[in-house]
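# Structural features, examined
The lines below spell out each chain.
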Amino acid sequence: CPFASCVLAQSSTREHICTPPTRCINISIKMTAHEEATTSLVVYEPPAVLNVQQAERRYELPRTGAVAVRQAWGTGDTGAAQWPAGVELAKLIDSEGPERWRGKRVLEISAGGGAVVAIALMRAGAVVVATDADAEALKLHEENARANIEPDVFASRYRGALVLRWGDDPAAAISALGGSPDAVVASDVAYPGTRDAWPAFARTLVAVGAGARILLG
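What you see is a predicted model, and the numbers here were worked out from it, not measured in a lab.

Turning our eyes to something else, we now look at the overall build of the protein. When you go through the protein residue by residue, the secondary structure sums to seven helices and 10 strands. Every one of the 217 residues in the protein was classed for burial, and the buried ones make up 51%. For the protein, contacts bridging at least 24 residues in sequence account for 68% of all contacts bridging at least 6. Counting only carbon and sulfur atoms, one obtains 52% of the accessible surface of the protein, whose full area is about 9900 Å².

Trp101 and Leu121 are the most contacted members of the largest nonpolar core, which has 32 residues in total. Among the elements of the structure, strand E4 (56-61), strand E5 (65-70), helix H1 (84-96), helix H3 (116-123), strand E7 (127-132), helix H4 (135-147) and strand E9 (183-186) are those that each provide at least two residues to this core. A total of seven residues in this core trace back to one element, the largest contributor, which is H3. Here Trp101 is in contact with Ile93, Glu96, Val106, Leu121, Ala124, Gly125, Ala126, Ala183, Arg213 and Leu215, once residues within four sequence places are set aside. Ranked by size, the runner-up nonpolar core spans 16 residues in total, among them Leu107, Ile174, Leu205 and Ile214.

Time to look at the side chain of Asn148. Relative to the assigned elements, Asn148 resides in the loop between H4 and helix H5 (151-157). You can call Asn148 buried: its relative accessible area is 13%. Among the polar contacts listed, one links the side chain of Asn148 to the backbone oxygen of Ala68, at a separation of 2.8 Å. Excluding anything up to four places from it in sequence, Asn148 contacts Ala66, Val67, Ala68, Val69, Ile119 and Arg123.

As for its placement among the helices and strands, Gly167 is situated in the loop between strand E8 (158-163) and helix H6 (171-177). Sequence-wise, Gly167 and Ala197 are 30 residues apart; in three dimensions their C-alpha atoms are separated by 8.9 Å.

According to the stated counting rule, one finds six salt bridges in the structure shown. Here Glu142 makes a salt bridge to Arg146, at a shortest N to O gap of 3.0 Å. Of this pair, Glu142 and Arg146 both sit in helix H4, four residues apart, roughly one helical turn. Given a relative accessible area of 30%, Glu142 falls into the partly exposed group.

Burial analysis of H3 places seven of its eight residues in the buried class, the great majority of the element. Of all the positions in H3, only Val116, Val117, Ala118, Ile119, Ala120, Leu121 and Met122 are classed as buried. Following H3 by one or two positions, Gly125 has its phi on the positive side, about 100 degrees.

Before going further, it helps to spend a moment on the packing of aromatic side chains. This model, assessed by the stated rule, comprises two aromatic pairs. Residues Phe154 and Tyr158 carry aromatic rings whose centres are separated by 4.8 Å and whose planes lie at 15 degrees to one another, so their mutual orientation is stacked. For the pair Phe154 and Tyr158, a shared accessibility class is recorded, and that class is buried.

Per-residue confidence for the protein gives a mean pLDDT of 77; residues scoring 70 or more make up 71%. A low-confidence stretch, residues 1-42 stays under pLDDT 50, and its non-local contacts, those more than four residues away or across chains, total 100 contacts.

Moving on, we get to H1. In a regular helix each residue adds 1.5 Å, so 13 residues correspond to 18 Å; H1 covers 19 Å between its end C-alpha atoms and thus fits that length. Positive backbone phi, approximately 70 degrees, marks Gly97, located one or two places after H1.

Pairing analysis gives six bridges linking E4 to E5, with the strands arranged antiparallel. Considered in E5, the bridge of Arg58 is made with Ala68. Turn length for the E4-E5 hairpin, with the two strands adjacent in sequence and antiparallel, is three residues.

Definitions and limits used
- Residues numbered from 1 in each chain as written.
- Predicted model: local features only at pLDDT ≥ 70, side-chain atom pairs only at ≥ 80, totals over all residues.
- Heavy atoms only, no water.
- Helix = DSSP H or I, 4+ residues; strand = E, 2+ residues; numbered from the N terminus.
- Buried < 20%, exposed > 50% of the residue type's maximum accessible area, 1.4 Å probe, protein only.
- Contact = heavy atoms within 4.5 Å.
- Areas by Shrake-Rupley, 256 points an atom, 1.4 Å probe, with all protein chains shown as cover.
- Core = buried A, V, L, I, M, F, W, Y, C linked by side-chain atoms within 4.5 Å.
- Polar contact = N/O pair within 3.5 Å; in protein donor to acceptor, adjacent residues only side chain to side chain.
- Salt bridge = Lys/Arg side-chain N within 4 Å of Asp/Glu carboxyl O.
- Phe/Tyr/Trp six-rings, centres within 6.5 Å; stacked < 30°, edge-to-face > 60°.
- pLDDT = per-residue confidence, 0-100.
- Expected span 1.5 Å × (residues − 1).
- Pairing = 2+ DSSP bridges.

Written out as structure tokens, the structure is:
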């Protein structure tokens, strides 16, 4: 998606997925030469102030409530902060709840450190492996996820945080997940500054996403 503020949700069941704000566009894309999927693009109004430099951010998920995450702006790359499309994606996942996500294996690509998406997934019953090119961001991701999930739930549903760069072989991440993912999620990845890397990102989606639900912010 070329927009900085959107949630893109793809489902092999061709359902229409929409979460407020409410401007949605249905499109069709080809994930492989043999597979076509209907996609819903949900465009929302980004916040006027991103607050990426705050030490801590607090959010309210619609079903499970409060999330508090630590940020470390200035200590690394963009993954040191929680960005807004990830929050909107987390709200979508949280609202779908266990009926959609219980027992699902989910791979998060370019997870960054905020972990709000992974928190929503685990609260909904999914197991998660987080990946990113930035090892320091992944340490922050694990810290934030652990702080917002009950210890026994975290131990059973958080399957690790692994370095994975766009275009690299995802075999280690898939192995940590326990098999091919049922869903692949990513947020705040498609903006002008990453345009040159989009082909590598697409290769990663093809490598891990065959037969999976794909949600992009």
